[in-house]
Amino acid sequence: IGWEEITPKVSFSNPAIVANIQTLNNVDSNIPHEPLKPWGTAVIKNSNGGFKLSIDMSETNQGVFDENETIAYMIADGNIVGEFVDSSGKTIKWETIKTNNYFVGWDNSCKKVSFQNTYEKTPIIAGWKDTRNGWDGGWFRRCYLDNTQIDFVVDEDKCHDSERRHIKEQGGIFVFSDTFLLNENNQTINNSFDAWNADSEHGLNDRNITTKKVSQ
């Protein structure tokens, strides 16, 4: 338990990153009928040449993380726009958004981010808080979504106190025009998919999309 140092296969200058916990090895509650205990969300911290992942309990103090959990992440250069053809022949528009310190707390206000692409319908979104500037932890919560914009707020628990104000945090957001399927049998080694290498089949070789599961 602690920070896991992640070194991507290629370098990024200002990446958008999303991450989430994939396992429930430490759960001591009857979910979904009871709140998750111990409470934990994936937390991201930039470091030289890469980034770090860990589990953030925010201000909660019920339960402990004695066993390792698995965290999955997705990373790409921030603020790029493109499209690819998936394994079923469907053309997928996509983009990434990496903000400066921008998103604030539930008691502050929801913050809007507009899409660069034009989407015919509401797109598929993956977004996460890419910094931990606030001492109270917190996580992204969606306020609004349509085919032109996404709004997020940083939410907090109320275990220690009832206020949910939060200082500005950076966000990483992935936007896809529709669901898609990529059959990359030659690249699914070690639970990872890397679109950087040998992916001319889908037209992704000019940009890097990497997903991987890591133990934490």
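Residues numbered from 1 in each chain as written. Predicted model: local features only at pLDDT ≥ 70, side-chain atom pairs only at ≥ 80, totals over all residues. Heavy atoms only, no water.

**Focus: the overall build of the chain**
Looking only at helices and strands, the chain has 0 helices and 14 strands in total. For the chain, the N- to C-terminal ordering of α and β elements is β-β-β-β-β-β-β-β-β-β-β-β-β-β. Every one of the 216 residues in the chain was classed for burial, and the buried ones make up 48%. Sequence-distant contacts, at least 24 apart, represent 68% of the contacts inside the chain between residues at least 6 apart. Accessible surface, the chain as shown: approximately 11300 Å² in total, 44% of it carbon and sulfur. (Helix = DSSP H or I, 4+ residues; strand = E, 2+ residues; numbered from the N terminus. Buried < 20%, exposed > 50% of the residue type's maximum accessible area, 1.4 Å probe, protein only. Contact = heavy atoms within 4.5 Å. Areas by Shrake-Rupley, 256 points an atom, 1.4 Å probe, with all protein chains shown as cover.)

**Observations regarding the nonpolar core**
What tends to happen in soluble globular proteins is that the nonpolar side chains get buried as a cluster. Grouped together as the largest cluster of nonpolar side chains are 39 residues, with contacts concentrated most on Phe51, Leu53 and Ile173. When residues of this core are traced back to their parent elements, those giving at least two are β2 (15-21), β3 (41-47), β4 (50-56), β5 (70-77), β7 (91-98), β10 (139-145), β11 (149-155) and β12 (171-176). (Core = buried A, V, L, I, M, F, W, Y, C linked by side-chain atoms within 4.5 Å.)

**A short note on the side chain of Ser177**
Assignment of secondary structure puts Ser177 in the loop between β12 and β13 (192-194). Those residues in contact with Ser177 that sit more than four places away from it in its chain are Thr91, Ile92, Lys93, Tyr119, Lys121 and Pro123.

**Topic: the state of the cysteines**
Going through the model one piece at a time under the given rule, you end up with 1 disulfide. Each sulfur in the disulfide pair Cys110 and Cys143 lies 1.5 Å from the other. Between Cys110 and Cys143, the disulfide has an S-S torsion of 120° and is therefore right-handed. Of this pair, Cys110 sits in the loop between β7 and β8 (111-114) while Cys143 sits in strand β10; the two residues are 33 residues apart in sequence, bridging distant segments of the chain. The class of Cys143 is partly exposed, set by a relative accessible area of 37%. (Disulfide = S-S within 2.5 Å.)

**With respect to the sheet that holds β3**
Read across the open sheet, the 3 strands follow the order β1-β4-β3; overall the sheet is antiparallel. For this open sheet the edge positions go to β1 (4-6) and β3, each flanked by a neighbour on one side alone. The sheet shows a mean angle of 30° between the axes of neighbouring strands, direction not considered. When β1 meets β4, the two strands line up antiparallel, connected through 3 bridges. Each residue of the ladder has a partner; that of Ile6, found in β4, is Phe51. (Pairing = 2+ DSSP bridges. Axes fitted to C-alpha atoms, helices over the stretch in contact; angles between N-to-C directions.)

**Topic: the side chain of Asn117**
Inspection of the secondary structure puts Asn117 in the loop between β8 and β9 (124-129). Among the polar contacts listed, one links the side chain of Asn117 to the side chain of Tyr119, at a separation of 3.3 Å. Contact partners of Asn117, with chain neighbours within four places excluded, come to Val81, Gly82, Lys93, Trp94 and Glu95. (Polar contact = N/O pair within 3.5 Å; in protein donor to acceptor, adjacent residues only side chain to side chain.)

**Observations concerning the pattern of salt bridges**
Across all of its chains, the model carries 6 salt bridges by this definition. Linking Glu5 and Lys52 is a salt bridge whose minimum nitrogen-to-oxygen distance equals 4.0 Å. Of this pair, Glu5 sits in strand β1 while Lys52 is found in strand β4, placing the two residues 47 residues apart along the sequence. In this structure Lys52 comes out as partly exposed when scored by relative accessible area, which is 24%. One salt bridge in this structure joins Lys90 and Asp178, with 3.7 Å as the shortest N-O distance. Linking Lys90 in the loop between β6 (81-85) and β7 with Asp178 in the loop between β12 and β13, this pair joins segments that are 88 residues apart in sequence. Bridged by salt links that share partners, the residues Lys90, Lys121 and Asp178 form one connected network. (Salt bridge = Lys/Arg side-chain N within 4 Å of Asp/Glu carboxyl O.)

**Observations concerning unusual backbone geometry**
Backbone torsion omega between Ile31 and Pro32 reads 5°, so that peptide bond is classified as cis. A cis geometry characterises the amide bond from Lys37 onward to Pro38, with omega recorded as 0°. Phi is positive for Asn79, close to 60°, though the residue is something other than glycine. Following the sequence through the fold, Asn79 ends up in the loop between β5 and β6.

**Notes on the pairing of β5**
Taken across its 8 residues, β5 has 7 buried, putting it largely inside the fold. By the bridge criterion, 7 bridges tie β2 to β5 in an arrangement that is antiparallel. Paired with Asn20 across the bridge in β5 is Ala72.

So yeah, pure geometry; function would need other evidence.
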